Amino acid sequence: MSPQSRESESNRQACSCLPSSSSTQTMNFQVTVLGLDKAKLDSPQAFLDPEEAEEAEDGQLLEPEAWRTYVERRNVLREFLTSELSPHLLRRHHARMELLQRCSYYIEILPKHLALGDQNPLVVPNTMFQLIDPWKFQRMKKVGTAQTKIQLLLLSDLLEQLDHGRAQLDALLESPDPRPFLAGWGHVEQRLADLSAVMDNFLAMMVPGRLHIKHRLVSDIGATKVPHIRLMLSTKMPVMFDRKESVAHQDWVSLRWFVTIQPASPEQFELRFKLLEPRTQQECTQCGLIPVAACTFDVRNLLPNRAYKFTIKRAESYTLVYEPWRDSLTLHTKPGPQEEARPPPAGPARPTPNRTF
């Protein structure tokens, strides 16, 4: 073979090894579709989730030492929001606050050597009330009412501060620019300390405390020794209807209620009922108040197919100072035999269309 022929054959083989223009376009299209172009492969953000990619971009704004400080402080804030001020914890406090707003509050009279919770007829002698001036005790009941209302208002305000503080810190944690976060870290630390103090005050006020006595409750009885007593505010859990067990029948209803924490001694209750939307003057008498010494009662002689409202509360007590809430329940009695047999009211007559043949 001549030298020219060998050169020509070598050129043909070299050309056959190179991809054609159509093949090159196909390969570039496949790379573009897969999103694996060189610009993206060289970027570390390609393998990060959106939050990590955002942090990586923020890191480019700071020096390495400042970036490490930012990450550490950001983790401190996140840990505080997760453990000390978590949404689950705030929801629990809101539920406890709602429960306190439904409780009943009483004055407990105790000798100074007894602890709260030991008050019962065997421990606290009945003569204790006989030694207390009734007029001064009524004044102390008004003080107890005011103190309870103020305490509930303060608890609501503290819980609102915790909610607001949580929202502020959440917004700071989600801020895209790390530089204001680092510049204002001193204020953030002070805010964390303030919120911790608010939480401590909130927890301390959840339990009713001692009543401050400005005057002697025991009048001069001529005795050589006046007994030492103290007044405490105590809480009783709300009385609530059992909505599953309370059932309405044709002309009577069976009611059940309960207290979350059962008292040591039996309690007295007041059950009220009232017919809703009376139609005659006689039906207006379908109401009343019934004293009950149990947690169940059947109200009879009701009208069929009518709605009644029932409320339940503890009976009035000499030591009661504040009871802002009482549970209510509306039940509808079943229809009577005549109403069941009565045909349903007919609808409006449909006009017969005119037809022309």
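Please refer to the structure placed before this passage.
The text that follows walks through the structure, step by step, so that each part is easy to find. This one's a predicted model, so the numbers in the text were calculated from it and none came from an experiment. Residue indices begin from 1 for each chain and proceed along its sequence in written order. Per-residue local features are limited, in this predicted model, to residues with pLDDT of at least 70; the limit for side-chain atom pairs, both in listing and counting, is 80 or more; totals at the level of whole chains, interfaces and linings are taken over all residues. Side-chain numbers come from the whole structure's heavy atoms, not from hydrogens or water.

Description of the sheet that holds strand β1 (residues 104-111)
In a beta sheet, neighbouring strands are held together by backbone hydrogen bonds and run either parallel or antiparallel to one another. If DSSP finds at least two bridges between two strands, the strands pair. Helix and strand assignments come from DSSP, with helices taken as H or I runs of at least 4 residues and strands as E runs of at least 2, each series counted from the N terminus. Reading across from one edge, β2-β1-β10 is the order of the three strands in this open sheet, with antiparallel pairing throughout. Edge positions in the open sheet fall to β2 (229-236) and β10 (320-322), since each of these has one partner strand only. Averaged over all pairs of adjacent strands, the angle between their axes in this sheet comes to 35 degrees, without regard to strand direction. Taken together, the eight bridges between β1 and β2 define a ladder with antiparallel strand orientation. By the bridge assignment for β2, Tyr105 is matched with Thr235. To get an axis, a line is fitted to the C-alpha atoms, and for a helix only the part in contact is used. The angle between two axes follows their N-to-C directions and goes from 0 to 180 degrees.

Topic: the environment of Leu233
Mapped onto the elements of the fold, Leu233 is located in strand β2. To sort residues, take the accessible area from a 1.4 Å probe on protein chains only and compare it with the maximum for the residue type: under 20% means buried, over 50% means exposed, and anything in between is partly exposed. Among the residues examined, Leu233 registers a relative accessible area of 1% and is labelled buried. Taking the C-alpha atoms as reference points, Leu233 and Pro208, 25 residues apart in sequence, are found 5.5 Å from one another.

Topic: the pattern of salt bridges
The working definition used for a salt bridge is a side-chain nitrogen of Lys or Arg within 4 Å of a carboxyl oxygen of Asp or Glu. Using the criterion set out here, one finds 13 salt bridges in the structure. Measuring nitrogen to oxygen at the nearest pair gives 3.7 Å for the salt bridge that ties Glu270 to Lys313. Of the two residues, Glu270 sits in strand β6 (residues 269-275) while Lys313 sits in strand β9 (residues 307-314), which places them 43 residues apart along the sequence. Exposure class is identical for Glu270 and Lys313. Each is buried. The shortest N-O distance in the salt bridge between Glu283 and Arg306 comes to 3.0 Å. With Glu283 in the loop between β6 and β7 (287-292) and Arg306 in the loop between β8 (296-299) and β9, this pair connects stretches of sequence that are 23 residues apart.

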